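# Topology and contacts: notes
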Amino acid sequence: AMDMCGMGKESNDPEDALIKNPWLTTITISRTDGEEACKGALVSEYFIITAAHCFNVDDEAHLISVKIGRSLNKVEKVIFHPNYNINAKKAEGINEFYDYDIALVKVKSKVKFNPEARPICIPCTEGTTRALRKVHPDTTCKDHEDELLNVNVGIVPAIFIAQKRKHEDLERKNVKIKTGDKKHACNRDALEASIYKNVVKNVKDVVTERFLCTGGIDPVVDDNTCKGESGGPLIITKKKRYIQVAVISWGVYDLCKGGERHGQSPPFARDFHLNLFQVLPFLREHLKEELKFLP
Ligand SMILES: Cc1cc(Br)c(Nc2ncc[nH]2)c2c(Cl)c[nH]c12
């Protein structure tokens, strides 16, 4: 049925990038000093989830466009998480503070779903309950969190989508979310980020409860994000269904300085993703007309 979320055509043909990832959107903001691009994920007929840091407060909606499938969509508004404020800790020397780095982009006209434009599943919705085939109807949001971000296992396989080169096809990158005892080592590497070095005293000042941590070489070598992947979905796949658990927010080391992926990441290259389970009130408030959320 068309209303099923998180469906993608399984195909090895790189030409099929769009129908393999029909929820992946590209957000372009045109400014006087050039263009900025971010990624986002289609979650309903009107909304895309992305990173708040992709926008400046003075970006006007008419200067933002969103590519969904093959069509370019006009933007009606951008809704920032109320607690997002990149300047919140400037006084402490933390020039960029990414806490609550999430925004909802509303497009002007309803997206017509098709094999190249379909929504991804998000946690605590009935769509995800169906995708997870949780038979008992009184499945709760906590059940989703326990199943998707299993803390006991400690290492949760996930993927994100990267663009090989500009206008080239998309490729899936593999990472492990460190939810168990490797989480602290993962978070601690945030202090290796050039902008935080010698400035941040405790990790929790920049890696708040809102973030999931990936990257590094333990237990396996993870792929790393590039700045251009900001706003894209961090995805957990279950039985060929795709569920977004976080938004790619910030990282320690930019593999793509100057444009394309190059070289190898250092072991302290970690990436931080805004955990959707940590911002449910925000999602419910703005998506309740289009998605059925669980208690
Ligand atoms: C996805 C992503 C976003 C941002 Br913003 C980056 N830049 C950065 N993070 C902290 C301070 N500045 C990076 C880096 Cl670096 C790698 N991936 C990134």
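Our subject in this report is the structure included herewith. Only a predicted model underlies this, so the values are computations on that prediction, with no experimental measurement involved.

In terms of residue burial, strand S7 (residues 155-163) counts as a mostly covered element, since seven of its nine residues are buried. As judged from the nine bridges shared by S7 and strand S8 (residues 170-178), these two strands associate in the antiparallel manner. Counted as the bridge partner of Ile161 is Arg172 from S8.

This part is about the state of the cysteines. The bond known as a disulfide is covalent and runs between the sulfur atoms of two cysteines. What the rule picks out here adds up to five disulfides. What pairs with Cys124 in a disulfide is Cys141, and their sulfur atoms sit 1.9 Å apart. Measuring the twist about the S-S bond at about 50 degrees, one finds the Cys124-Cys141 disulfide to be right-handed. Within this pair, whereas Cys124 is found in the loop between strand S6 (103-107) and helix H2 (126-131), its partner Cys141 is found in helix H3 (residues 141-148), the two being separated by 17 residues in sequence. A single burial state applies to Cys124 and to Cys141, both of which are buried. The partner cysteine of Cys226 in its disulfide is Cys256, sulfur to sulfur 1.7 Å. In this structure the cystine formed by Cys226 and Cys256 twists about its S-S bond by roughly 50 degrees; its chirality is therefore right-handed. With Cys226 in the loop between strand S9 (211-215) and strand S10 (233-238) and Cys256 in the loop between strand S11 (241-251) and strand S12 (270-275), this residue pair connects regions lying 30 residues apart in the sequence. For the pair shown, Cys226 and Cys256 are each scored as buried. For the protein chain, numbering the cysteines in disulfides from first to last along the sequence yields the connectivity 1-4, 2-3, 5-6, 7-8, 9-10.

The next thing to look at is the nonpolar core. Judged by nonpolar contacts, the single largest core of 86 residues is most densely connected at Ile49, Ile102, Ile122, Ile177, Val245, Leu283 and Leu287. If we skip the residues at most four places from it in the chain, Ile122 touches Val43, Ile49, Thr128, Gln244, Leu276, Leu287, Leu291 and Phe293.

As a further point, take the site of the ligand. The local shell around the ligand holds 16 residues, among which Tyr98, Thr225, Ser230, Ser249 and Gly251 are the closest. Contact distances for the ligand include 2.9 Å between a nitrogen atom and a side-chain N or O atom of Thr225. The backbone of Gly251 places a nitrogen or oxygen atom 2.8 Å from a nitrogen atom of the ligand. In isolation the ligand has 430 Å² of accessible area, and contact with the protein removes 94% of it. Spatially, the ligand is embedded in the second largest pocket.

Here the focus is the packing of aromatic side chains. A full pass over the atoms with the stated rule returns seven aromatic pairs. Ring pairing ties together the aromatic residues Tyr98, Tyr196, Phe211, Trp250 and Phe272, which thus form one cluster. In this structure, Lys106 is placed above the aromatic ring of Tyr46, and the distance from its NZ or CZ to the ring centre is 5.2 Å.

By secondary structure assignment, the location of Arg270 is in strand S12. Among the polar contacts made by the side chain of Arg270, one reaches the main-chain carbonyl oxygen of Gly215 at a distance of 2.9 Å. Excluding residues that lie within four positions of it along the chain, Arg270 makes contacts with Lys178, Ala185, Cys186, Asp189, Cys213, Thr214, Gly215, Gly216, Asn224, Gly251 and Val252.

Parameters at a glance
- Sequence order as written defines residue numbering, which begins from 1 separately in each chain.
- Predicted model: local features are reported for residues with pLDDT of at least 70 only, side-chain atom pairs are reported and counted for 80 or more only, and whole-chain, interface and lining totals are derived from all residues.
- Side-chain calculation: all heavy atoms of the structure are included, whereas hydrogens and water are not.
- Buried residues are those whose accessible area, probed at 1.4 Å on protein chains only, stays under 20% of the maximum for their type, while exposed residues exceed 50% and partly exposed ones sit between those limits.
- Helix and strand assignments come from DSSP, with helices taken as H or I runs of at least 4 residues and strands as E runs of at least 2, each series counted from the N terminus.
- Pairing between two strands is assigned when DSSP locates at least 2 bridges connecting them.
- The criterion for a disulfide is a pair of cysteine sulfur atoms lying within 2.5 Å.
- Among buried residues, the Ala, Val, Leu, Ile, Met, Phe, Trp, Tyr and Cys ones that are joined through side-chain atoms within 4.5 Å form a nonpolar core.
- Residues count as neighbours in contact if any of their non-hydrogen atoms are within 4.5 Å of one another.
- Neighbouring residues are identified by heavy atoms, a residue being near a molecule or strand if any of them is within 4 Å of it.
- Identification of polar contacts relies on pairs of N or O atoms within 3.5 Å, with a donor-acceptor requirement for protein atoms, meaning one able to donate a hydrogen and the other able to accept it, and with residues adjacent in sequence counted only if both atoms are side-chain atoms.
- Each accessible area is a Shrake-Rupley result for a 1.4 Å probe, and residues are judged covered by the shown protein chains and nothing else.
- Grid points spaced at 1 Å and placed over the protein atoms alone form the basis of the search, with a cavity being a set where a 1.4 Å probe fits but cannot get out and a pocket an open set showing protein on both sides within 12 Å along at least five of seven lines. Lining residues have an atom within 4 Å of a point.
- In this description, a molecule resides in a pocket or cavity if more than half of its atoms sit within 2 Å of the grid points defining it.
- Any Phe, Tyr or Trp ring, taking Trp's six-membered ring, that has another such ring centre within 6.5 Å forms a pair; planes under 30 degrees apart are called stacked, those over 60 apart edge-to-face, and the others tilted.
- For a lysine, the NZ atom is tested; for an arginine, the CZ atom; a charge sits over a ring if that atom is within 6 Å of the ring centre and within 35 degrees of the ring normal.

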